[in-house]
Amino acid sequence: QVQLVESGGGLVQPGGSLRLSCAASGTFRSFNTMSWYRQAPGEQRELVAVITRGGSTNYADSVKGRFTISRDNAKNTVYLQMNSLKPEDTVVYYCNAYFVDYPYDYWGQGTQVTVSS
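The present account deals with the structure reproduced in this document. (Residues numbered from 1 in each chain as written. Predicted model: local features only at pLDDT ≥ 70, side-chain atom pairs only at ≥ 80, totals over all residues. Heavy atoms only, no water.)

Here we look at the packing of aromatic side chains
Remark: the centre distance and the inter-plane angle together describe each pair of aromatic rings, the angle taken between the planes. Enumeration over the complete set of coordinates arrives at six aromatic pairs. Seen in terms of ring centroids, Phe 28 and Phe 99 are 4.6 Å apart; in terms of plane orientation they differ by 40°. Their pairing is tilted. Linking Phe 28 in the loop between strand S3 (18–26) and strand S4 (31–39) with Phe 99 in strand S9 (residues 91–99), this pair joins segments that are 71 residues apart in sequence. Comparing Phe 28 with Phe 99, the two get one shared label, buried. For the pair Tyr 104 and Tyr 106, a centre-to-centre distance of 5.6 Å together with 50° between the ring planes defines the contact as tilted. Counting every residue linked through ring pairs, the aromatic cluster contains Phe 28, Phe 99, Tyr 102, Tyr 104 and Tyr 106. Above the plane of the ring of Tyr 79 lies Arg 19, whose end atom (NZ or CZ) is 3.9 Å from the centre. The residue whose ring lies beneath Arg 45 is Trp 107, and the NZ or CZ to ring-centre distance is 4.6 Å. (Phe/Tyr/Trp six-rings, centres within 6.5 Å; stacked < 30°, edge-to-face > 60°. Helix = DSSP H or I, 4+ residues; strand = E, 2+ residues; numbered from the N terminus. Buried < 20%, exposed > 50% of the residue type's maximum accessible area, 1.4 Å probe, protein only. Lys NZ or Arg CZ within 6 Å of the ring centre and 35° of its normal.)

None of the figures reported here should be taken as evidence of function without further support.
In structure tokens:
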């Protein structure tokens, strides 16, 4: 059993920054991959960024150069640093993770990011 808890969402003005955190707790040894997704109303959930345990990263084209995914393996936590935020970034962000211990993935509850003046 694993629980993913996201935090750091909120309201920010265009051009501002937020840092999302996703902390994993439960029974596991380590993660294989951790990712951030986002989903707007009526839209499909889309992959924003992914990071492997070794630190390899990939980003959606829409966030390249603005968002940075990172992780602290010792703390079992993944982060998403979001800079130069745009109104289009106003969606719910979800954490997703695969662990070496399980053949299936886990999802966080989601955290709302609102970019508005």
